[in-house]
Each structure stands twice: as C-alpha cells, then as structure tokens.
Amino acid sequence: MNTDSIRQTYEYTVQALTPVHIGCGKSYVQHFDFIQDGQKVRVFDHNRLSAQVEGLGEQAISAFTVALESEDVAGFIREYKVSLDDALRHSFSLPNRTHPPRDIRQYIRDGMGRPIIPGSSLKGLFRSAILSRLVNEQGQDLVDRCS
C-alpha cells in the first residue's frame, strides 16, 4: 500500500509588480460618493452623512440637496461644519493630477470594507507558477505528456 500523499504543499509570497485593480462593477461618483481634498479622496458613508445632515435641520437638508445638484458638497461640508471624519467610509491618495476624476471604479472589498484580491483571481497565477516550476524541473517532456 502506497502511503505517499497525492498532494504537495508549497508556500509562495506574491508581490504585485504593477498596479492591481480588481473591480466589483461599481463606481464612486464625484460630488455624490466622494470629494477630493488635495491629493486625498474621501469616500462618504451615505447613511452616516445623511444622519449628520438630518441632525442639522430642514434648512440644512435643503442646502445639502442644492449642494448635490450644484456639485458643491465640499462647500456644504465646510459651511455647515459637518464632521467628515465621522461620515467617511474610507479615504485614499491619488497621484498628482491636474483635474480630479469624474468617477472612480471601486475595488472588490471584504466584509470589513478592505480591498482584497479574491482567490479566483489568484488561481490562474498559481496555476501558471506551478506549471512553470514543473517545466523548469522536468523539462519539455512534462508539457508533451500533458498535451
């Protein structure tokens, strides 16, 4: 009876050599989902922002509606002293740009809101790495046998 395992375990460290973006199919829209503050993008949590605006009263709600329509949410936040830190979902830096982006494609995120690379995206990477290693170790003969 053969007691050797049919599986081998390898440990790999993955380092991204180029920028990686794995989207979820949604975008953040400037002046609705985010504002740009210098090189920093601040993405709102709409529930928390709405709760703050609601707490300021009817006049603030009307002014907020006007700010959304006129794309001046940043001005509303400054004028009404809304605590942006309490209304943020997350923030990130942008490279130097002359014009802010109109929308930003969202990353896929885990349940805690952190960007992730899903396992399905890594599967092809690992398959190629394993095949490359086997070819280096066993040569073209292995490729010919698998074809």
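Structure: above.
1. Describing the overall build of the chain
Secondary structure assignment for the chain yields 5 helices and 5 strands. For the chain, the N- to C-terminal ordering of α and β elements is β-β-β-α-α-α-β-β-α-α. Over its C-alpha trace the chain gives a radius of gyration of 24 Å, far above what one expects of a compact globule, namely 15 Å for 147 residues. For the C-alpha atoms alone, the extent of the chain along its principal axes is close to 80 × 40 × 25 Å. Of all 147 residues assigned to the chain, the portion counted as buried reaches 22%. A fraction of 68% describes how many contacts in the chain between residues 6 or more apart in sequence connect residues 24 or more apart.

2. Description of the packing of aromatic side chains
Evaluated as defined, the whole model comprises 2 aromatic pairs. Geometrically, the ring pair formed by Phe76 and Tyr80 is stacked, given 4.6 Å between the ring centres and 25 degrees between the ring planes. Judged by its relative accessible area of 3%, Phe76 falls in the buried class. The class for Tyr80 is partly exposed, based on a relative accessible area of 23%. Put simply, the rings of Phe64, Phe76 and Tyr80 pair up and form one aromatic cluster.

3. What about the sheet that holds strand β3 (residues 40-44)?
In space, the 3 strands of this open sheet follow the order β2-β3-β4, with antiparallel pairing throughout. The open sheet has two edge strands with one neighbour each: β2 (34-37) and β4 (88-93). For this sheet the average axis-to-axis angle between neighbouring strands, irrespective of direction, equals 20 degrees. Two strands pair when backbone bridges link them, and β3 and β4 are joined in this way by 5 bridges, in the antiparallel orientation. Bridge pairing links Lys40 to Ser93 in β4.

4. Notes on the pattern of salt bridges
Applying the stated criterion to the full structure yields 5 salt bridges. In this structure, the salt-bridge partner of Arg102 is Glu71, at a minimum N-O distance of 2.7 Å. Placement of the pair is Arg102 in the loop between β4 and β5 (103-107) and Glu71 in the loop between α2 (58-69) and α3 (73-79), with a sequence separation of 31 residues. Arg102 sits in the partly exposed class, given a relative accessible area of 46%. Owing to a relative accessible area of 37%, Glu71 belongs among the partly exposed residues under this scheme. A salt bridge links Asp110 to Arg114; its shortest N-O distance comes to 2.8 Å. Look at Asp110 and you get partly exposed, because its relative accessible area is 23%.

5. Quick notes on the pairing of β3
Burial analysis of β3 places 4 of its 5 residues in the buried class, which makes it a mostly covered element. Sheet topology places β2 next to β3; 4 bridges connect them, and they run antiparallel. Residue pairing in the sheet places Asp37 in a bridge with Lys40 of β3.

Criteria and cut-off values
- The residue numbering used here restarts from 1 in each chain and proceeds along that chain's sequence as written.
- In keeping with the model being predicted, local features are shown solely for residues with a pLDDT of at least 70 and side-chain atom pairs are shown and tallied solely at 80 or more, while totals for entire chains, interfaces and linings include all residues.
- Only hydrogens and water are removed before side-chain values are computed, so all heavy atoms of the structure are retained for them.
- Helix numbers and strand numbers start at the N terminus; a helix is a DSSP run of H or I with at least 4 residues, a strand a run of E with at least 2.
- The globule rule used for comparison is 2.2 Å times the number of residues to the exponent 0.38, while the radius of gyration itself is calculated over C-alpha atoms.
- Only protein chains enter the accessibility calculation, which uses a 1.4 Å probe; a residue whose area is less than 20% of its type maximum is buried, one above 50% is exposed, and one in between is partly exposed.
- The contact definition used throughout considers only heavy atoms, calling two residues in contact when any of these lie within 4.5 Å.
- Any two rings among Phe, Tyr and Trp, with Trp reduced to its six-membered ring, count as a pair given centres within 6.5 Å; such a pair is stacked if its planes are under 30 degrees apart, edge-to-face if over 60, and tilted if neither.
- Strands are treated as partners if at least two bridges between them are detected by DSSP.
- Angles here are taken between N-to-C directions and fall from 0 to 180 degrees, while the axes themselves are lines fitted to C-alpha atoms, restricted in helices to the stretch in contact.
- Note on definitions: salt bridges are taken to be side-chain nitrogens of Lys or Arg within 4 Å of carboxyl oxygens of Asp or Glu.

The values reported here are purely geometric and, on their own, carry no functional implication.
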